[in-house]
Amino acid sequence: PAVAVIVVAAGSGTRLGRARPKAFVEIAGRSILERSMDAVSGMSETATVVVVVPDALVADARAALAAAGGAPVIVVPGGDTRQKSVAAGIAVLPEGTGIVLVHDAARAFTPSAVFDRVVSTVRSSGNGAIPGLPVTDTIKSVGDDGVVQATVDRSTLVAVQTPQGFPRAHIVEAYARAAGDFTDDAALVREAGHPVAVVPGDARAFKITTADDLERADDLLRRQGM
Ligand code: C5P
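Predicted model, so just to flag it, every value in this text is computed and none were measured.

Engineer: So what exactly am I meant to see when it comes to the overall build of the protein here?
Structural biologist: From N to C terminus, the protein includes seven helices and 12 strands. The C-alpha radius of gyration of the protein comes to 18 Å, within 12% of the 17 Å expected for a compact globule of 226 residues. Over its C-alpha atoms, taken along the principal directions, the protein stretches across nearly 55 × 40 × 30 Å. Going through the 226 residues of the protein one by one, you find that 37% of them count as buried.

Put into structure tokens, the structure is as follows:
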């Protein structure tokens, strides 16, 4: 089945403290969105790409992505929550799409190999697959009074990333039934009753959220000599 990748880039990115929406902030001369597109184009199989951006930036994004060359990209306006932005992407998936990956543009340095791993697991299992990394910090649950209640057994925990991949039917059904807000797509798909497996993630798939993360991104580029 053909693969489509929905890149959600419609967040305002207020925590970044920049004037521009996050995906349009540049790191060493190239935007977070452009850098995410590199990872998608590096996938071992060609995918249809849907990019979801703030309404006011649809025309700009179309022009920038066309100028960057590469395969044609479908650009659509997002919503005021990530979930609505993903739904906007799902609504324009071309017929014939069998596997859907949803990726945060803010995870601009995710290696293409992570995308490939997610696709091959969805294809071989017929179920969802998401990248995750073991939790290395000690995790505590804390009460309203700020006092530690317990230390959580971290051996069963993973910190999850994107791209998150699903058979198209699973994610379409999950979004059609969605009630309330979910923090990621896998939670919605699980809620709809479909299994989701975890595959190895990558530290470079960290989400750029704060000014500190931008510095981390700069360091990463310097080390890679890019
Ligand atoms: O805000 P946060 O960094 O968690 O958002 C994760 C991803 O979801 C980002 O790439 C952001 O652009 C996207 N997003 C979106 N529409 C929103 C909110 C977030 O596409 N309304």
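Engineer: What should I look at first to understand the site of the ligand in this one?
Structural biologist: Near the ligand there are 18 residues, and of these V8, A10, G11, S85 and D104 occur at the shortest range. In terms of residue class, the shell around the ligand is built from seven nonpolar, six polar and five charged.

Engineer: Help me out: how do you make sense of unusual backbone geometry in this one?
Structural biologist: Residue P163 follows T162 across a cis peptide bond; omega there is 10 degrees. When you line up the elements, P163 lands in the loop between β10 (158–160) and β11 (164–167). Phi angles above zero are rare outside glycine, and A28 is one such case at about 45 degrees. Residue placement: A28 occurs in the loop between β2 (26–27) and β3 (30–31).

Engineer: Would you mind going over helix α1 (residues 32–41) with me for this structure?
Structural biologist: With seven of 10 residues buried, α1 lies mostly within the body of the structure. Residues of α1 that are buried: I32, L33, R35, S36, M37, A39 and V40.

Engineer: Looking at this structure, I do not really get the nonpolar core. What am I missing?
Structural biologist: Note that soluble globular proteins tend to have their nonpolar side chains buried in a common cluster. Ranked by internal contacts, the top residues of the largest apolar core, which has 57 residues, are I6, V7, A9 and V51. At six residues, the largest contribution of residues to this core is made by strand β1 (residues 2–8). The contacts of V7, once residues within four sequence positions are left out, are S36, V40, V49, V51, V52, H103 and A105.

Engineer: What's the story with the pairing of strand β7 (residues 128–134) in this structure? I'm lost.
Structural biologist: Note on strand geometry: in a regular strand, side chains alternate between the two faces of the sheet. As judged from the five bridges shared by β7 and strand β12 (residues 196–200), these two strands associate in the parallel manner. The partner of I130 across the bridge, within β12, is V198. Relative to β10, β7 runs antiparallel, the two being bridged by three bridges. Note that in β10 the partner of G132 across the bridge is V160.

Engineer: Would you mind showing me how to read helix α7 (residues 211–224) here?
Structural biologist: One turn of the α-helix equals 3.6 residues, which is why residues spaced by three or four share an orientation. Compared with an ideal rise of 1.5 Å per residue, which puts 14 residues at 20 Å, α7 spans 20 Å between its outermost C-alpha atoms and is within 8% of the ideal. Within α7, only one of the 14 residues are buried, leaving the element largely exposed. Trailing α7 by a residue or two, G225 shows a phi angle of about 65 degrees, which is positive.

Engineer: Explain the confidence of the model for the protein to me, please; I cannot follow it from the model alone.
Structural biologist: Do not read the fine detail of predicted coordinates wherever pLDDT is low. When pLDDT is averaged across the protein, the result is 95; 100% of the residues are at 70 or more. Across the interfaces of the predicted complex, the ipTM metric reaches 0.98, alongside a pTM of 0.96.

Engineer: Looking at this structure, how should I read the environment of F115?
Structural biologist: With respect to the helices and strands, F115 occurs in helix α4 (residues 112–125). Along the sequence, F115 and L157 sit 42 residues apart, while their C-alpha atoms lie 22 Å from each other. Ignoring sequence-local partners within four residues, the contact set of F115 consists of A39, V40, M43, L101 and P163.

Engineer: Would you mind showing me how to read the environment of A68 here?
Structural biologist: You can see A68 is positioned in the loop between α2 (58–67) and β5 (73–77). Look past the residues within four positions of A68 in its chain and what remains in contact with it is E34 and M37.

Thresholds, definitions, all that
- Residues numbered from 1 in each chain as written.
- Predicted model: local features only at pLDDT ≥ 70, side-chain atom pairs only at ≥ 80, totals over all residues.
- Helix = DSSP H or I, 4+ residues; strand = E, 2+ residues; numbered from the N terminus.
- Rg over C-alpha atoms; globule rule 2.2 N^0.38 Å.
- Buried ≥ 20, exposed ≤ 12 C-beta atoms within 10 Å, placed from the backbone.
- Near = placed C-beta within 6 Å.
- Nonpolar A, V, L, I, M, F, W, Y, C, P; charged D, E, K, R; others polar.
- Core = buried A, V, L, I, M, F, W, Y, C linked by C-beta atoms within 7 Å.
- Contact = placed C-beta atoms within 7 Å.
- Pairing = 2+ DSSP bridges.
- Expected span 1.5 Å × (residues − 1).
- pLDDT = per-residue confidence, 0-100.

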